[in-house]
Amino acid sequence: MATFHVMAGSGDMAARPAVRRIGMSDIWDALARGFDDFRAKPSHYVFLSLIYPICGVVLITWSSGANMLPLIFPLIAGFALLGPFFALGLYEISRRRERGMDTSWRHALEVRHSPALPSILAVGAMLTVLFVAWLVFAQLLYSNLFGPEPPRSLALFLASIFSSENGLLLMLAGNAIGFCFALVVLATTVVAFPMMLDRDVGAVAAVETSLRATLINPVPIACWGLIVAALLIVGTIPVFVGLAVVMPILGHATWHLYRKLIVEEG
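Summary of the structure given here. Here the structure is a predicted model, which means the values were calculated and not measured.

Structural notes on the pattern of salt bridges
Enumeration according to the criterion identifies 13 salt bridges in this entry. Between D29 and R33 there is a salt bridge; the shortest N-O distance is 2.7 Å. Linking D29 with R33, this pair stays in helix α2 (residues 24-40), spanning four residues, or about one helical turn. Salt-bridge contacts for R97 lead to D36; the nearest nitrogen and oxygen are separated by 3.1 Å.

Looking at helix α13 (residues 218-235)
Across its 18 residues, α13 extends 25 Å between first and last C-alpha, which sits within 8% of the 26 Å expected from 1.5 Å per residue. Within α13, the full set of buried residues consists of P220, I221, W224, G225, I227, V228, L232 and G235. Taken down its axis, α13 places every buried residue within 165° of arc, on the same side. Looking at α13, the residues exposed on the side facing more than 90 degrees away from the buried face are V219, L226, I233 and V234. Elements that come into contact with the buried residues of α13 comprise α2, α10 (165-189), α12 (203-216) and α14 (243-261).

Side note on the nonpolar core
Soluble, globular proteins show a tendency: their nonpolar side chains are buried together. Counting residues in hydrophobic clusters, the biggest one holds 55 residues, and the most contacted among them are F193, M196, W224, L257 and L261. Secondary structure elements with two or more residues in this core: α2, α7 (88-98), α8 (117-146), α10, α11 (192-198), α12, α13 and α14. Ranked by residues supplied to this core, first place goes to α14 with nine residues. Counting residues in hydrophobic clusters, the runner-up holds eight residues, among them L141, Y142, F157 and L170.

Considerations on the layout of surface pockets
In this structure, the largest pocket encloses a volume near 1,300 Å³. Lining the largest pocket we find 48 residues, and of these A80, A182, V228, A229 and L232 sit closest to its centre. Contributing elements (two or more residues each) for the lining of the largest pocket: α4 (51-65), α5 (72-79), α6 (83-86), α10, α11, α13 and α14. No other element matches α10, which puts 11 residues into the lining of the largest pocket.

Comments concerning the environment of R152
Within the secondary structure, R152 sits in the loop between α8 and α9 (154-162). Residue classification places R152 among the exposed positions, given a relative accessible area of 81%. As for R152 and L69, which are separated by 83 residues in sequence, their C-alpha atoms are 9.2 Å apart.

Notes on the packing of aromatic side chains
This model, assessed by the stated rule, comprises eight aromatic pairs. Between F85 and F193, the aromatic rings sit 5.9 Å apart at their centres with planes inclined by 65°, giving edge-to-face as the arrangement. Linking F85 in helix α6 with F193 in helix α11, this pair joins segments that are 108 residues apart in sequence. Given a relative accessible area of 23%, F85 falls into the partly exposed group. The class for F193 is buried, based on a relative accessible area of 0%. Between W255 and Y258, the ring centres sit 5.3 Å apart and the planes meet at 55°, which makes this aromatic pair tilted. Linking W255 with Y258, this pair stays in helix α14, spanning three residues, or about one helical turn. Note on accessibility: W255 and Y258 belong to one class, buried.

Conventions we followed
Residues numbered from 1 in each chain as written. Predicted model: local features only at pLDDT ≥ 70, side-chain atom pairs only at ≥ 80, totals over all residues. Heavy atoms only, no water. Salt bridge = Lys/Arg side-chain N within 4 Å of Asp/Glu carboxyl O. Helix = DSSP H or I, 4+ residues; strand = E, 2+ residues; numbered from the N terminus. Expected span 1.5 Å × (residues − 1). Buried < 20%, exposed > 50% of the residue type's maximum accessible area, 1.4 Å probe, protein only. Arc of directions from axis to C-beta. Contact = heavy atoms within 4.5 Å. Core = buried A, V, L, I, M, F, W, Y, C linked by side-chain atoms within 4.5 Å. 1 Å grid on protein atoms, 1.4 Å probe; cavity = no way out; pocket = protein on both sides within 12 Å on 5 of 7 lines; lining within 4 Å. Points joined across faces, edges and corners; volume = space filled by probe spheres on them. Phe/Tyr/Trp six-rings, centres within 6.5 Å; stacked < 30°, edge-to-face > 60°.

And the structure:
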């Protein structure tokens, strides 16, 4: 029964929430509402989101110190694959604000009391597997093009990437593979985490609903993914500090996008 609860929620049957069709105006409105949530108490949200720039710096330091320079970019880019899971506290703040409840930053931690926590952790584990798989693919691609030996220095590494045919191939193929991983994450989690936080539907139902929402709204969801990617890139400048603002806005906006895509329970 516990396994079934994780996979299908607390009911006797798997949930199948109705999905709305949306347009680009809904995407921009979700972003505007996300910014409004952030603007309400930005100091709290920036504090919560400091984990993103901190983790980014730690990842770079670790990869450089361990002589794993080829994995710096995959680590930075792949870190975004885990974003939907780490934004849980922001969804909770938006949910509470929507209901007129207290939105103090400590309430972001109340996600741990959610009845859907096992399902949330299950989808989080799926993202972790995808993150690790992306790193493995990235390392294999580099090894196939440049050999198993790690670069001797950052300067030599950058020179080999930007001044050789193999370097160009690495960038093109790496970005193509990364795009595929990002597409999978977007399609399977666009509404999954907010929905599990809002109603205990189970991991499978949440992922399946995200897939249906993507298939029903391919253009708006694709544009949403491009907007997220663009803002994350901007947020990494300088030294990931911008993510302390970008991530809260995107997290809150994701909650409002969920509201626009999924019909509320009667």
